[in-house]
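Descriptive analysis of the structure
These are the residues of each chain, in order.
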Amino acid sequence: MLHIRSIFLDAVILLSTIAMFFAFSIGYSVDILVTFFVLTVTYIRSVCTALKLGGTAGLYFIFLGCFFIFILGGRYFGFSNINYAHTVAGVYIIDDYLVSKSFMFYAFVLSLINASYQAFYSRLQDVKKDTLSFDQFSFDMGRVCFLLFLPGTMIKFYMEFKFISEFGYYAYYSEGVSAPFWVDVSRYLFVISFAILVSANAAWPRVKIYFILFFLFAIAFLLLGVRSSFVLYSSVIYFIYYNCYSNKAPKITTLFFAFVLMISLLLFVQFYRQGWHFELSDNNLLSYFFISQSNSFYILPFTMENLDKFTSQFSVFAPLSPESLLYRSQNMERLNELGLLGDVISYNVLGDEYFSQGMGIGGNFAAELFQSGVIVSIILCIFIGKVMSFFQLNVSNYRYLLMMSIIIISNVAYMGRSSLFRNFSLFLILTVVFLIIYILRVAMKKAKEKEVSDKQVL
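Definitions and cut-offs
Residues numbered from 1 in each chain as written. Predicted model: local features only at pLDDT ≥ 70, side-chain atom pairs only at ≥ 80, totals over all residues. Heavy atoms only, no water. Core = buried A, V, L, I, M, F, W, Y, C linked by side-chain atoms within 4.5 Å. Buried < 20%, exposed > 50% of the residue type's maximum accessible area, 1.4 Å probe, protein only. Helix = DSSP H or I, 4+ residues; strand = E, 2+ residues; numbered from the N terminus. Contact = heavy atoms within 4.5 Å. Salt bridge = Lys/Arg side-chain N within 4 Å of Asp/Glu carboxyl O. 1 Å grid on protein atoms, 1.4 Å probe; cavity = no way out; pocket = protein on both sides within 12 Å on 5 of 7 lines; lining within 4 Å. Points joined across faces, edges and corners; volume = space filled by probe spheres on them. Nonpolar A, V, L, I, M, F, W, Y, C, P; charged D, E, K, R; others polar. Expected span 1.5 Å × (residues − 1). Bend = angle between axes of the 7 residues up to and from the residue. Pairing = 2+ DSSP bridges.

Turning our attention to the nonpolar core. Membership of the largest hydrophobic core comes to 133 residues, with the highest contact counts inside it found for Phe63 and Phe365. When residues in this core are grouped by element, the largest group, 16 residues, is from helix H4 (residues 96-124). Not counting residues up to four positions away in its chain, the partners in contact with phenylalanine 365 are Phe63, Phe67, Val109, Ile113, Ile384, Met415, Gly416, Ser418 and Leu420.

The following block contains the structure:
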């Protein structure tokens, strides 16, 4: 009976979002409070699903937590000012129709992902899985590379900290730090080395020190003011530890205190970067945090306003283009050639002057889906739910998934503020690395078998 009620509730939520989506598509509007209520119910239902199927350490739970921080949270703490979008170019007023339509589409996306996640999770959880063994070769290669690129990574951080102490955060973000090539590439290879280590599936005592060092690596980003990298790498460590090494997921109370601590750290870094100059509308630090962090919500209404400005019909797939490897920095050429959603919105909302200075608003996977059309949105929402459920149930059983976890977890956590298919180049690199390690492992195994057989003949 409980299972039937659960299916009925999910069906009602999904049909409600579809009905509102249809109403907006034919020109009708729905009251902003109604769409906000439906979005709230959809989100709460999704959280219940995440806790039931995956728990507090699940990938779906991480996705929903970051969705709240980057998109939804500020709406609860600043609903009276929901029509005002703050950017570096000033304050933009979004009318109620676009805000309500945005609520509707966010609810539509969440309900589809939730239905897909449940359906595939239920289907996949009873499938028999093989136990993944420890791979000494991957472990040795991973730790050698990890320690080899650690010095260059530390030098890079030292140069950045020194630059900030002399010239400040604004100069750091606008100009960057010039470093030798081997120092620049060390940080990138350091992350790849950690992915190789994780794929070895070693016992916790053997990898504990590397996890601690990688966490310090994440903290260094926090001290630099690159809070997104801290959140993403911390999420990777959190997921891998509780899904591959710990026997139980963290309690809600533990998560609550960890969340409070994380917010405090992020606020401290934000205020420090701003020189301790900030305004609190109601003297509420919690409200200030969520409103300032969830500005990505407005990417969707901005997209609705600027649909005719896109040079790409399907911006969600733009990061997969081979040309995305050529255009690494924000400029007019990348805007015209690729049509990344973040570039298009930043240029048309902020203007040419701010855009040319490298300033932007960010991205949002839901906005990419909206711009790409309803058919693509449905297909990709189902795809997202399937990927999260498959990854959750199989990550500890497939070496390839363990290596890719550093991409999949960070992408799922950050796509509320970025593209759905971000880090595609790293995905390709790690795939090549995995294939090379696999070929070397097989070649070494065959060489040993041949050596043993030769000895037996003699």
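Don't stop here, the text continues.
What follows is about the pattern of salt bridges. Applying the stated criterion across every chain yields a total of five salt bridges. Notably, a salt bridge pairs arginine 143 with aspartate 140, separated by 3.1 Å at the nearest N-O pair. Of the two residues, arginine 143 and aspartate 140 are both situated in helix H5 (residues 136-167); the distance of three residues between them amounts to about one turn of the helix. What makes arginine 143 partly exposed here is its relative accessible area of 30%. With a shortest N-O distance of 3.5 Å, lysine 309 and aspartate 308 are connected by a salt bridge.

Right, let's get into empty space enclosed by the protein. One pass over the full model with this rule turns up one cavity of 30 Å³ or more. Taken as a whole, the largest cavity holds about 50 Å³ of empty space. Contributing to the lining of the largest cavity are Asp10, Ile13, Leu14, Thr42, Arg45, Ser46, Leu110, Ser111, Asn114 and Ala115. Of all the elements in the fold, those that place two or more residues in the lining of the largest cavity are helix H1 (2-25), helix H2 (32-52) and H4. Along the lines of polarity and charge, the residues of the lining of the largest cavity split into four nonpolar, four polar and two charged.

Along its 32 residues, H5 runs 46 Å from first to last C-alpha, staying within 8% of the 46 Å computed at 1.5 Å per residue. At leucine 150, H5 is bent by approximately 35°, the largest bend along its length, and proline proline 151 sits one to four residues beyond.

With that settled, the discussion passes to the pairing of strand E2 (residues 90-93). Two elements, strand E1 (residues 84-87) and E2, share four bridges in a ladder whose sense is antiparallel. Bridge pairing in E2 places alanine 85 opposite tyrosine 92. The hairpin turn running from E1 into E2, its antiparallel successor, is two residues long.

Across residues other than glycine, the phi torsion is negative in most instances, and most of the peptide bonds are trans. Even without being glycine, asparagine 201 reaches a positive phi, approximately 60°. Within the secondary structure, asparagine 201 sits in the loop between helix H7 (181-199) and helix H8 (204-224). Positioned with a positive phi, asparagine 423 is a non-glycine residue whose angle comes to about 65°. Looking at where asparagine 423 falls in the secondary structure, it is placed in the loop between helix H18 (399-414) and helix H19 (424-457). Residue classification places asparagine 423 among the partly exposed residues on the basis of a relative accessible area of 31%.

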